[in-house]
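Topology and contacts: notes
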Amino acid sequence: MITAGIDMGSRSVKVVLVEDAHVDGAPKLKYIVRKTHFMFPGDLDADVAADKAFDTILESAGLNRSQVDAVYATGAGRKMVNFATDSVTEMSAGAKGAAYFYPSARTIVDVGAEEGRGIKADGDGKAIDFAGNEKCAAGAGSFAETMSRALQLSLKEFGEASLRSDKSIPMNAQCTVFAESEVVSLIHSATPKEDIAKAVLDAVASRVCAMVRRVGIEEDVVLIGGMVHNPGFVSSLKNAMGVEQIKLPDIPEYVSALGCALLAAEAKN
Amino acid sequence: MSIETTNSSAGEVKPEFWRWQENCWADESKDWRSAKVITVGIDVGSVSSQCVIVADGELYAYNSMRTGNNSPDSAANAFKGVELKTGLTLDDVHMVVGTGYGRVNVPFSHKAITEIACHARGANYMGGNSVRTILDMGGQDCKAIHCDDKGKVTNFLMNDKCAAGTGRGMEVISDLMQIPIAEIGARSFDVEEEPDAVSSICVVFAKSEALGLLKAGWSKNKVVAAYCQAMAERVVSLLERIGVEEGFFITGGIAKNPGVVKRIEKILGIQAVSTKIDSQIAGALGAALFAQTLVQKQGPCKPVALAA
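Residues numbered from 1 in each chain as written. Chains lettered and ligands numbered in written order. Predicted model: local features only at pLDDT ≥ 70, side-chain atom pairs only at ≥ 80, totals over all residues.

Within chain A, the secondary structure is distributed over eight helices and 10 strands. Computed over its C-alpha atoms, the radius of gyration of chain A comes to 19 Å, within 12% of the 18 Å expected for a compact globule of 269 residues. With the C-alpha coordinates aligned to their principal axes, the bounding extent of chain A is approximately 60 × 40 × 30 Å. Scored against the burial criterion, the 269 residues of chain A give a buried share of 51%. Taking contacts inside chain A between residues at least 6 apart in sequence as the whole, the part at least 24 apart equals 70%. (Helix = DSSP H or I, 4+ residues; strand = E, 2+ residues; numbered from the N terminus. Rg over C-alpha atoms; globule rule 2.2 N^0.38 Å. Buried ≥ 20, exposed ≤ 12 C-beta atoms within 10 Å, placed from the backbone. Contact = placed C-beta atoms within 7 Å.)

Right under this line is the structure:
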């Protein structure tokens, strides 16, 4: 059986196909590594983008739509996926997907482009509580993105630069818009880029951490979403949360889409 | 209005849509030389700085300009504008009061007073003593202030954590839409039907929403209308927390944007008290009026040099 999960984020579309394979009679789900990551370039409407992303993944897997038993959608634009058989919340999808990699996951931190959230999981892949940040870009990926642009660094350089700093410069501004001016004035006062990058990532981490604290921090902590690729953020978050280790899945931005596909498969079985 | 330009690092000249025109004004019907008491109020804000001259308790002259990269210079430049226009020097001034974000950094001031007290005092002068609720929409914060008939603050609330509902938020949209900030108001009414608001909390989200709406075929004017509505909703929620009493007055740069003001009035069902005086000078005006009262009580102060 093949199921699909599609995560319609605010910035990109992620699709994952899952095929269940029976090993020694034990039903074990195994996902076929076929994933696509879509930037919204602007000329595509959300429903068209979803269609395109789905067709692309099917083509690369050599499948057609009738061979897919169920498609679950999640993310901010989940209602725009016309071909989805059902939709689930980002919390359910995130918890399920994280448990696939780390069954011991109790706290899942999901930092996307425009939303950050903390999810409390029951150890069985089920979300039992969450706290999110839906009204403000501080504490989300776009905050870091805006600041890296102000520093004229790529996101990768930005994350790496922050690791080279051991200074803690507090950022006064909470708002992304104000923080941008603050970063500019730090640049003008000849503060090294490394220190500014760390200040920014510390600020995002502390905002995210404040959110996660509302559901309680319990190990294991798993971080999902694109910010996993930013080692500076991971380090700042670890400090802010005061935990030994934050587990990082291999394909962090696809975790929610994977969770969706797994939920679809379970519902079918 | 003309759009000022700046040289970017690449050397190209790009228009700055978000800038309000700087302006300097003096009451030609009066002569400061015949005034008994002359005081100066300097408001060094996060975005703009103003200098106001009050002669015998009456507004005489002002200068409003962009805040530069350091407060002492911005304060001095604001004063120099008036000096040039009227020939008045610091030696002729009996007291200088600083206010605003950079109030402790005005080298030639005798005293610093918070911008909240100054805005209430300024609004009391500009809108009359029936003013009870003041909405100050500044460059980087937004304040709702209650005052009594003397312009004394009785209560206030402020938002300085979030750019939504501040001038900075409007600048971001003005720049994104490439519409000069002074035209935003008029253009926001040039729509066939009034759209729903975009995100009224986060400017970053409002920005991406606005881009999405443009792509969906909305006209620039309609997007601007949706943003003005969002900003109005945002500040009304702040006002409602403190309560709105009749005698409603708006100060700060946004007061010059009818696109936001009319929408706030519509939501509240109250007309804002109107004034002919530039709403951006309220803080500096209040500071100069405080100085006037202090001079009457304590006598004039010794002049301080313009530069520290």
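What follows continues from the structure just given.
Residues and elements named next belong to chain B. Its 17 residues give helix H8 (residues 282–298) an end-to-end C-alpha distance of 24 Å, which sits within 8% of 24 Å, the value for a rise of 1.5 Å per residue. Along H8, the residues that are buried comprise Ala282, Gly283, Ala284, Leu285, Gly286, Ala287, Ala288, Leu289, Phe290, Ala291 and Gln292. Packing partners of the buried residues in H8 comprise strand E4 (38–44), strand E5 (48–55), strand E6 (58–66), strand E7 (95–99), helix H2 (115–127) and strand E12 (248–251). Residue Gly299 follows H8 closely and has a positive phi angle near 90°. (Expected span 1.5 Å × (residues − 1).)

All names here are of chain B. By the assigned domains, chain B splits into domain 1 (5–125 + 281–298) and domain 2 (129–272). Of note, the centres of domain 1 and domain 2, computed from C-alpha atoms alone, are 25 Å apart. On the side of domain 2, 28 residues touch domain 1, which itself brings 17 residues to the contact. It is H2 that provides the largest number of residues to the side of domain 1 that touches domain 2, a total of eight residues. Residues belonging to the side of domain 1 that touches domain 2 are distributed by class as follows: nine nonpolar, six polar and two charged. (Domains from an automatic or database assignment. Nonpolar A, V, L, I, M, F, W, Y, C, P; charged D, E, K, R; others polar.)

At the interface, 12 residues of chain A touch 14 residues of chain B. Tallying contributions element by element places helix H5 (residues 176–188) of chain A first for the side of chain A that touches chain B, with four residues. Looking at the side of chain A that touches chain B residue by residue, the class counts come to five nonpolar, five polar and two charged.

In many analyses, interface size is given as the accessible surface area lost on bringing the parts together. Residues and elements named next belong to chain A. For chain A, the domain assignment lists domain 1 (2–102 + 252–268) and domain 2 (130–247). Inter-centroid distance (C-alpha atoms) of domain 1 to domain 2 is 28 Å. If you look at the interface, domain 1 gives nine residues, while domain 2 gives nine residues. A total of four residues in the side of domain 1 that touches domain 2 trace back to one element, the largest contributor, which is helix H2 (residues 90–101). When its residues are assigned to classes, the side of domain 1 that touches domain 2 shows five nonpolar, three polar and one charged.

Looking now at the sheet that holds strand E11 (residues 153–159) of chain B. Residues and elements named next belong to chain B. Strands sit in the order E11-E10-E9-E12 across an open sheet of four strands; the sheet is mixed. Edge strands, defined here as strands with exactly one partner in the open sheet, are E11 and E12. Sheet twist, expressed as the average angle between the axes of neighbouring strands with direction ignored, equals 15°. The pairing of strand E9 (residues 133–137) with E12 spans four bridges and is classified as parallel. Bridge assignment links Leu135 to a residue of E12, and that residue is Ile250. Lying on the sheet, H2 is in contact with E9, strand E10 (142–147), E11 and E12; it crosses E10 at an angle near 65°. (Pairing = 2+ DSSP bridges. Axes fitted to C-alpha atoms, helices over the stretch in contact; angles between N-to-C directions.)

Residue and element names in this part refer to chain B. Residue position: Gly167 is located in helix H3 (residues 167–177). On the neighbour-count criterion, Gly167 (29 C-beta atoms within 10 Å) is buried. The spatial distance from the C-alpha of Gly167 to the C-alpha of Gly98 is 21 Å, given a sequence separation of 69 residues. Excluding residues that lie within four positions of it along the chain, Gly167 makes contacts with Val47, Met137, Gly138, Gly139, Gly252, Gly253 and Ile254.

This paragraph deals with the confidence of the model for chain A. Any region with low pLDDT has predicted coordinates that should not be read closely. Per-chain confidence: chain A averages 86 in pLDDT, with 91% of residues scoring 70 or above. Here strand E3 (residues 26–39) of chain A is the element of chain A with the lowest mean pLDDT, 55, and strand E9 (residues 221–224) of chain A is the one with the highest, 95. (pLDDT = per-residue confidence, 0-100.)

Right, let's talk about the environment of Gly243(B) for a bit. All names here are of chain B. Tracing the chain through its elements places Gly243 in the loop between helix H6 (220–242) and E12. What makes Gly243 exposed here is the crowd of 12 C-beta atoms within 10 Å. A C-alpha to C-alpha distance of 8.3 Å links Gly243 and Thr133, two positions 110 residues apart in sequence.

With that out of the way, let us pick up the nonpolar core. The biggest cluster of nonpolar side chains holds 174 residues, and the ones touching the most others in it are Ile6(A), Ala261(A), Ile42(B), Ile53(B), Tyr227(B) and Ala288(B). Among the elements that take part in this core, H6(B) stands out by supplying 12 residues, more than any other. Once residues within four sequence positions are removed from consideration, Ile42(B) is found in contact with Cys51(B), Ala75(B), Ala78(B), Phe79(B), Val96(B), Gly98(B), Val106(B), Ser109(B), Ala284(B) and Ala287(B). (Core = buried A, V, L, I, M, F, W, Y, C linked by C-beta atoms within 7 Å.)

Let us now look at the sheet that holds strand E6 (residues 107–111) of chain A. Residue and element names in this part refer to chain A. With respect to topology, five strands assemble into an open sheet ordered E8-E7-E6-E9-E10, the strand pairing being mixed. One side of each edge strand has no neighbouring strand; the edge strands of this open sheet are strand E8 (127–133) and strand E10 (246–247). Judged from the six bridges that link them, strand E7 (residues 116–121) and E8 form a sheet pairing that is antiparallel. For Ala121, the partnering residue across the bridge sits in E8 and is Ala127. Its contacts with the sheet put helix H6 (residues 193–213) on E6, E7 and E8, and the angle it makes with E7 is roughly 35°.

Right, let's get into the pairing of E9(A). Residue and element names in this part refer to chain A. Alternating positions in E9 separate into two faces, Val221 and Leu223 on one and Val222 and Ile224 on the other, with burial throughout. Where E6 lies against E9, four bridges are found, and the strand directions are parallel. In the strand pairing of E9, Thr107 is matched with Val221. Bridge count for E9 against E10 is two bridges, and the pairing is parallel. Across the sheet, the residue bridging to Val221 is Ile246, located in E10.

Right, let's talk about the environment of Lys143(B) for a bit. Residues and elements named next belong to chain B. Turning to its location among the elements, Lys143 is positioned in strand E10. C-alpha separation for the pair Lys143 and Arg263, spaced 120 residues apart in sequence, amounts to 18 Å. The contacts of Lys143, once residues within four sequence positions are left out, are Ile116, Asp136, Phe156 and Met158.

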